[in-house]
Amino acid sequence: MKAVQVARFGEPGVLTLTELPDPVPGPGQVAIDVTHAAVGLIDVYLRQGLYKDREGLPQPPYVPGLEVAGTVRALGEGVTGFAPGESVVALSSGDGKGGYASVFLADQAHVVSTEGHAIDPALAVAVIPNALMAHVALTGAIRVSAGESVLVHGALGALAATFPGIARQLGASRAVGTVRTERLGAAAATKLPYDTIVDSARLPEVLGGETFDVIVDPVGGPVRAQSLDLLAPSGRLLLVGNASGDWNHGGIDGNRVWYGNFTVTGFNAGGYLPAHPEAFAPAARAALQAATDGLVDVELETLPLAEAATAHQRLENHTAGGRTVLTM
Ligand SMILES: NC(=O)c1ccc[n+]([C@@H]2O[C@H](COP(=O)([O-])OP(=O)(O)OC[C@H]3O[C@@H](n4cnc5c(N)ncnc54)[C@H](OP(=O)(O)O)[C@@H]3O)[C@@H](O)[C@H]2O)c1
C-alpha cells in the first residue's frame, strides 16, 4: 500500500511517502480501502514528539492519522454488520496512527457506515469523528439541556466547528463563537450554525454582558482564564484541548468556581471512549445526522497524500483554508 510515514520526530519534512505491505485484518478488525484521511492538530503534536514519552503513543517510524473515509476492503474474523464495498468512516483506536495510507485497519467498534447517506467522503471524514466526540462531550462529560446557550472558543477549528451543530441537535437555543481577529473574515462566511462569532481579542466587552450556560474551550491560554467571567450562574466550562499551546495563562480561579457554582470539566476522547464504549454508537448516529442535516458544513482543503508535509506546515502556520483532508 501507499503510505506516509513519520521517519523520526521533527519538522514536517520528516513525513515521507513510501510503500508498505498491505495490512490484513485480525479478529474484530475491518480493513478499509482509504479514499480520504483527515489531518488533525494532534497529528502535528505527535509528529513533533510532544507526546513521545506517553505510553501507547506511536514511535517512529509510524504512519500518522486517526480518521479515514473509504470503503470496506475485508473483514477480520468475527466481524459482522459490514459488507465489502460499503462506505464507511473510521477512527483510530487511540494509538494515534495508521490513517495516511491507502489501506487502514480499524477496530470494528470504531467504524461508522455512511452507506446510503449522500455525504461527500471528504466532508464525512472531516466532520463525523469530531462531531461524534462533540456529542459524547455534550451528553457524557457534561449535559447540554434544551434552551441553554453555548459559547465555543476557536469557533472554526476542526473540533470546535462541530459543537454548535451538535449543541443545536441537543436543543441549545443559542450558539456563539469566538475567533482571533484575523479569522473574522472566515467567520463571516461560515455556514456553521452560530448565531454570531465575535473577536476573542475584544472579550469580554464584545459580548455586552451576555453569559453562557456552557463554554467549550479547545484553545486554552487567555480565553480559558477569561471564561469564568462569561459563565452564567451554575455554568459549565468544558476543556477539550489547548490549541494555543499556552500552558501558562489558562489558570482557573478556584474561588470563582466556588462562588459561581461553576463546573469545570475536561473531556479527552482518547481516555473517555475506552471507559465508556456504549457512548460510541449513539454519538455516531448523531454525527451522521448532523452531517446529513448540514449542521457541520465546514470549509475543506484537500491535498494529495504526497503533500502531507504541506498539510502539516499549513496547520502549524494557521494558513490552512479549512479542515485539511488528504486524498489517496
Ligand atoms: N478532547 C478531544 O477528544 C479532542 C479531539 C480532537 C482535538 N482535540 C484537541 O483540540 C484542540 C484543537 O484541535 P483541532 O484539531 O480542532 O485543531 P485546529 O483545527 O487547528 O483548531 C484549533 C483552533 O484554535 C485556534 N487557535 C490556535 N491558536 C490560538 C491562539 N493562540 N489563540 C486563539 N485561538 C487559537 C485556531 O484558530 P486559527 O484558525 O486562527 O488558527 C483554531 O480555530 C487541540 O488541542 C487538540 O489536541 C481534543
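Fair warning: this is a prediction, and the values are worked out from it, not measured in the lab.

Each value, and the rule that gives it
- Residues numbered from 1 in each chain as written.
- Predicted model: local features only at pLDDT ≥ 70, side-chain atom pairs only at ≥ 80, totals over all residues.
- Heavy atoms only, no water.
- Domains from an automatic or database assignment.
- Contact = heavy atoms within 4.5 Å.
- Buried area = accessible area lost by both parts, 1.4 Å probe.
- Salt bridge = Lys/Arg side-chain N within 4 Å of Asp/Glu carboxyl O.
- Polar contact = N/O pair within 3.5 Å; in protein donor to acceptor, adjacent residues only side chain to side chain.
- Near = heavy atom within 4 Å.
- Helix = DSSP H or I, 4+ residues; strand = E, 2+ residues; numbered from the N terminus.
- Nonpolar A, V, L, I, M, F, W, Y, C, P; charged D, E, K, R; others polar.
- Pairing = 2+ DSSP bridges.
- Axes fitted to C-alpha atoms, helices over the stretch in contact; angles between N-to-C directions.
- Buried < 20%, exposed > 50% of the residue type's maximum accessible area, 1.4 Å probe, protein only.
- 1 Å grid on protein atoms, 1.4 Å probe; cavity = no way out; pocket = protein on both sides within 12 Å on 5 of 7 lines; lining within 4 Å.
- Points joined across faces, edges and corners; volume = space filled by probe spheres on them.
- Lys, Arg positive; Asp, Glu negative; His and termini not counted.
- Right-handed = clockwise from strand over helix to strand, strands pointing away.
- Core = buried A, V, L, I, M, F, W, Y, C linked by side-chain atoms within 4.5 Å.

1. Some details on the domain arrangement of the chain
Then, in step 1: Under the domain assignment used here, the chain contains domain 1 (2-128 + 297-327) and domain 2 (143-266).
Then, in step 2: Domain 1 and domain 2 are separated by 28 Å when their C-alpha centres are compared.
Then, in step 3: Across the contact, eight residues belong to domain 1 and nine residues belong to domain 2.
Then, in step 4: Summed over both sides, the interface of domain 1 with domain 2 buries roughly 670 Å², with 55% coming from carbon and sulfur.
Then, in step 5: Sorting the residues of domain 1 by area buried against domain 2 places Asp-297, Val-298 and His-318 first, and these three jointly supply 46% of that buried surface.
Then, in step 6: Summed over the shared surface of domain 1 and domain 2, the result is zero salt bridges.
Then, in step 7: Remark: the boundary between domain 1 and domain 2 carries one residue pair in polar contact (both at pLDDT 80 or more).

2. Quick word on the site of the ligand
Then, in step 1: If you check the shell around the ligand, you find 21 residues, and the closest are Leu-159, Arg-183, Phe-267, Ala-269 and His-318.
Then, in step 2: The backbone of Val-240 places a nitrogen or oxygen atom 3.0 Å from a nitrogen atom of the ligand.
Then, in step 3: Elements supplying a minimum of two residues to the shell around the ligand: helix H1 (41-48) and helix H2 (121-141).
Then, in step 4: In terms of residue class, the shell around the ligand is built from eleven nonpolar, eight polar and two charged.
Then, in step 5: Of the domains in this structure, domain 1 (2-128 + 297-327) and domain 2 (143-266) are the two that each give at least three residues to the shell around the ligand.

3. What to know about the sheet that holds strand S13 (residues 263-266)
Then, in step 1: Spatially, the six strands line up as an open sheet ordered S10-S9-S8-S11-S12-S13, and their pairing is parallel. In this open sheet, the two strands that pair with only one neighbour each are strand S10 (196-199) and S13. When strand polarity is set aside, the average angle formed by the axes of neighbouring strands in this sheet is 20°.
Then, in step 2: Across three bridges, strand S8 (residues 149-153) lies against strand S11 (residues 212-217) in parallel orientation. Across the sheet, Leu-151 pairs through a bridge with Ile-215, a residue of S11.

4. Here we look at the pattern of salt bridges
Then, in step 1: Following the criterion strictly, the structure yields eleven salt bridges and no others.
Then, in step 2: For Arg-236, the salt bridge is made with Glu-148, and the minimal N-O distance between the two is 2.9 Å. On the criterion of sequence distance, the pair formed by Arg-236 in strand S12 (residues 231-239) and Glu-148 in the loop between H2 and S8 is long-range, its members being 88 residues apart. For the residue pair Arg-236 and Glu-148, the accessibility class agrees, reading buried in each case.
Then, in step 3: Between Arg-168 and Asp-195 there is a salt bridge, with the nearest N and O atoms lying 2.9 Å from each other. With Arg-168 in helix H3 (residues 163-169) and Asp-195 in the loop between helix H4 (184-189) and S10, this residue pair connects regions lying 27 residues apart in the sequence.

5. Observations concerning the layout of surface pockets
Then, in step 1: By volume, the second largest pocket amounts to about 280 Å³.
Then, in step 2: Together, 18 residues line the second largest pocket, and Asp-95, Lys-97, Gly-98, Phe-104 and Leu-105 are the ones closest to its centre.
Then, in step 3: For the lining of the second largest pocket, the element with the highest residue contribution is strand S6 (residues 103-107), accounting for five residues.

6. Thoughts on the side chain of Glu-86
Then, in step 1: One can find Glu-86 in the loop between strand S4 (67-75) and strand S5 (87-91).
Then, in step 2: Notably, Glu-86 is buried but unbridged: the nearest opposite-charge side chain belongs to Arg-285, and the N-O separation is 13 Å.
Then, in step 3: If we skip the residues at most four places from it in the chain, Glu-86 touches Gly-70, Thr-71, Val-72, Gly-81, Ser-113 and Glu-115.

7. A look at the pairing of S8
Then, in step 1: Most of S8 sits out of view: five of its five residues are buried.
Then, in step 2: Alternating positions in S8 separate into two faces, Ser-149, Leu-151 and His-153 on one and Val-150 and Val-152 on the other, with burial throughout.
Then, in step 3: Where S8 and strand S9 (residues 174-179) come together, five bridges link them in parallel fashion. Bridge pairing in S9 links His-153 to Thr-178.
Then, in step 4: Remark: the S8/H3/S9 crossover connection has right-handed handedness.

8. Overview of the nonpolar core
Then, in step 1: Counting residues in hydrophobic clusters, the biggest one holds 58 residues, and the most contacted among them are Ile-128, Leu-132, Phe-163, Leu-238 and Phe-267.
Then, in step 2: For this core, the secondary structure elements donating two or more residues are S5, H2, S8, H3, S9, S11, helix H7 (269-275) and helix H8 (280-292).
Then, in step 3: Once you skip the residues sitting within four places of it in the chain, Leu-238 turns out to touch Ala-137, Leu-138, Ala-141, Ile-142, Phe-163, Ile-215, Val-216, Asp-217, Thr-265 and Phe-267.
Then, in step 4: Grouped together as the second largest cluster of nonpolar side chains are 35 residues, Ala-3, Val-79, Phe-104 and Ala-311 included.

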